[in-house]
Amino acid sequence: MVKVILRNREWELRPGMTVRSAILKLGLDPEAVLAVRDGQLINEATLTRDGDTIKLVAVISGG
Amino acid sequence: MKCKKCGGVAVINMRHHRLALCADHYLDWFVTYTQRTIEKFRMFGSGDRLLVAVSGGKDSLALWDVLLRLGYQADGLYIKLGIEHQGYSDRSLDYVQRFLETSEAANPPRAPRPTQHVLHVVDIKGTYGESIPELARRTGRGRGKPCSVCGLVKRHVMNRVAQEGGYAALATGHNLDDEAAVLLQNTLRWQTGYLARQAPVLEATQPGLSRKVKPFCRLYERETAAYALVRGIDYIYDECPHASGATTIFHKELLNRLEGRSPGAKHSFYLDFLRAKKKGQLLLPAEEVELHPCEKCGQPTTAPGLCAFCRLWQ
């Protein structure tokens, strides 16, 4: 399985989908997050692998 | 997905530019694109002294980093607002100071120019007697949220420090998403005065006013965040506790939904607005505001007597 983390939320998804598909599947906006795996930024077409932990970084700020 | 420059693994794909880049080429592209923006809008020159407003967030620290890499003489200004919720202000300042400690070694400039830089810290409570939340509570301004007081105080302090230090320009980390969200908000309400003033460069039209520039105004927010991540800049990730539910964030989310359906929508929305304005295609009211010095602080103000900032402290 693939663990996806955004702030204090966590999900588990099946491996083999792209990062973009994973973000969409979680109901999130791909424009509003970046994905990091093993400390490295990864692009949206990257395929997730079994055992991955993907940290999503929210990019929207303001007030 | 491969880097368009070298064929290596891309870390980011910018659909509106049809450009995917690896980490090294992304860092290069980002710095070059910022320099092009500085030149395109004639923001400042190589010999100008700059003051960069830094909050500890991704945009401002990335901006300071890029300006130093480009060899500009750029000092920082951190305004300690006194937001105590989960130590927000203290933690923000820690990030800025940590950046300052590491930036000397981590910023080999592209050009052999001086990179001596300092950080000015203005503690609002220490300087004026009350923190931003205390000031907002006492004055009742902003309907229970300190954001409007915060904006007013920051604009005053930034202008004061830029003036006192003789800086050629005050640079802020506003990105394209910030500008597009403001544009959307002002368009929805047809705030023609604000639309007339919105620009990448706010000229010092009066004595006592500093020139303000936004070198990241053509970069998406996800691009500045990506730069900070790839460059290893440690920034405060938590949002200001008072920003929750802010209209700006809602407008950014709306614009991102448009962007998802139509890559480049935000880019066109903002930059075509600037182009149309420059060509005179938008009939917006000319700025004819009469300013005069505040009786107390001397900063330009439209109000007779004291400026809005000085009235806060009465």
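Preceding block: the structure.
Keep in mind that what you see is a predicted model, and the values were worked out from it rather than measured.

About the criteria used
Residues numbered from 1 in each chain as written. Chains lettered and ligands numbered in written order. Predicted model: local features only at pLDDT ≥ 70, side-chain atom pairs only at ≥ 80, totals over all residues. Heavy atoms only, no water. Pairing = 2+ DSSP bridges. Helix = DSSP H or I, 4+ residues; strand = E, 2+ residues; numbered from the N terminus. Contact = heavy atoms within 4.5 Å. Axes fitted to C-alpha atoms, helices over the stretch in contact; angles between N-to-C directions. Expected span 1.5 Å × (residues − 1). Buried < 20%, exposed > 50% of the residue type's maximum accessible area, 1.4 Å probe, protein only. Polar contact = N/O pair within 3.5 Å; in protein donor to acceptor, adjacent residues only side chain to side chain. Right-handed = clockwise from strand over helix to strand, strands pointing away. Lys, Arg positive; Asp, Glu negative; His and termini not counted. Salt bridge = Lys/Arg side-chain N within 4 Å of Asp/Glu carboxyl O. Phe/Tyr/Trp six-rings, centres within 6.5 Å; stacked < 30°, edge-to-face > 60°. Buried area = accessible area lost by both parts, 1.4 Å probe. Nonpolar A, V, L, I, M, F, W, Y, C, P; charged D, E, K, R; others polar.

What follows concerns the sheet that holds strand β7 (residues 201-202) of chain B. Residues and elements named next belong to chain B. The 6 strands lie next to each other as β5-β4-β3-β6-β8-β7, forming an open sheet whose pairing is mixed. The two strands at the open ends of the sheet, each matched to only one other strand, are β5 (119-123) and β7. Note that strand β3 (residues 49-53) and strand β4 (residues 73-80) share 5 bridges and pair parallel. Looking at the pairing, Ala-53 lines up with Leu-77 of β4. The strands that helix α6 (residues 147-164) touches are β3, β4, β5, β6 (169-171) and β8 (212-213); relative to β4, the one it contacts most, it runs at about 145°.

Let's shift gears to helix α7 (residues 176-188) of chain B. Residue and element names in this part refer to chain B. The end-to-end C-alpha distance of α7 is 18 Å, a good match for the 18 Å that 13 residues give at a rise of 1.5 Å each. Those residues of α7 that sit buried are Leu-176, Asp-177, Asp-178, Glu-179, Ala-180, Ala-181, Leu-183, Leu-184 and Asn-186. For α7, the elements touching its buried residues are α8 (192-197), α9 (221-231), α10 (247-261) and α11 (265-278). Structurally, the start of α7 carries an N-cap: the backbone nitrogen of Asp-177 is 3.0 Å from a side-chain oxygen of Asn-175.

Spatially, 5 strands are ordered β2-β1-β5-β3-β4 (chain A) in an open sheet, and the strand pairing comes out mixed. Looking at which strands have only one partner, the edges of the open sheet turn out to be β2 (9-13) and β4 (40-42) of chain A. Along the sheet, successive strands turn relative to each other by an average axial angle of 30°, direction set aside. Sheet topology places strand β1 (residues 2-6) of chain A next to β2 of chain A; 5 bridges connect them, and they run antiparallel. Bridging across to β2 of chain A, Ile-5 of chain A finds its partner in Glu-10 of chain A. Sitting on the sheet, α9 of chain B is in contact with β3 (33-37), β4 and β5 (53-58) of chain A, with an inclination near 20° to β3 of chain A.

Take the pairing of β3 of chain B next. Residue and element names in this part refer to chain B. Among the 5 residues that make up β3, 4 are buried, leaving the element largely enclosed by the rest of the structure. You can see the chain leave β3, run along helix α2 (residues 58-69) and come back into β4, and the turn it takes is right-handed. Looking at chain direction, β3 and β6 are connected through 3 bridges and run parallel. Within the sheet, the bridge partner assigned to Leu-50 lies in β6 and is Ala-169.

A few words now on the side chain of Arg-222 of chain B. Relative to the elements of secondary structure, Arg-222 of chain B occurs in helix α9. No salt bridge is formed by the buried Arg-222 of chain B; the nearest opposite charge belongs to Glu-31 of chain A, separated by 4.4 Å. Engagement of the side chain of Arg-222 of chain B in a polar contact is seen with the backbone oxygen of Pro-30 of chain A, the distance being 3.3 Å. In this structure the side chain of Arg-222 of chain B is engaged in a polar contact, spanning 3.3 Å, whose partner is the backbone oxygen of Val-33 of chain A. Residue contacts for Arg-222 of chain B: discarding those within four places in its chain leaves Pro-30, Glu-31, Val-33, Leu-34 and Val-59 of chain A together with Ile-12 and Asn-13 of chain B.

The subject of this paragraph is the packing of aromatic side chains. When we look at a pair of aromatic rings, we describe it by the centre distance and by the angle of the planes. Residue and element names in this part refer to chain B. Overall, the coordinates contain 10 aromatic pairs over all chains when judged by the stated rule. Ring centres of Trp-29 and Tyr-33 lie 4.8 Å apart, and the angle between their planes is 15°; this geometry places the pair in the stacked category. Taken as a pair, Trp-29 and Tyr-33 lie in helix α1 (residues 23-40) at a separation of 4 residues, close to a single helical turn. Tyr-33 carries the same exposure label as Trp-29, and that label is buried.

Take the interface of chain A and chain B next. Of the residues lining the interface, 23 residues belong to chain A; the matching set on chain B comes to 29 residues. Area buried by chain A at its contact with chain B is led by Glu-31, Leu-41 and Ile-60 of chain A, which between them contribute 29% of it. The interface formed by chain A and chain B includes 1 salt bridge. Across the salt bridge formed by Glu-31 of chain A and Arg-15 of chain B, the nearest N and O atoms sit 3.1 Å from each other. Along the contact surface separating chain A from chain B lie 10 residue pairs in polar contact (both at pLDDT 80 or more). Those elements that place two or more of their residues in the side of chain A that touches chain B are β3, β4 and β5 of chain A. When grouped by side-chain class, the residues that make up the side of chain A that touches chain B number 14 nonpolar, 4 polar and 5 charged.

Residue and element names in this part refer to chain B. Close contact between α10 and α11 brings their axes to 7 Å; oriented N to C, the two are set at 115°. Contact residues: α10 offers Leu-255, Asn-256, Leu-258 and Glu-259, while α11 offers Ala-265, Lys-266, His-267 and Phe-269. Its residues placed into classes, the contact of α10 with α11 shows 4 nonpolar, 2 polar and 2 charged.

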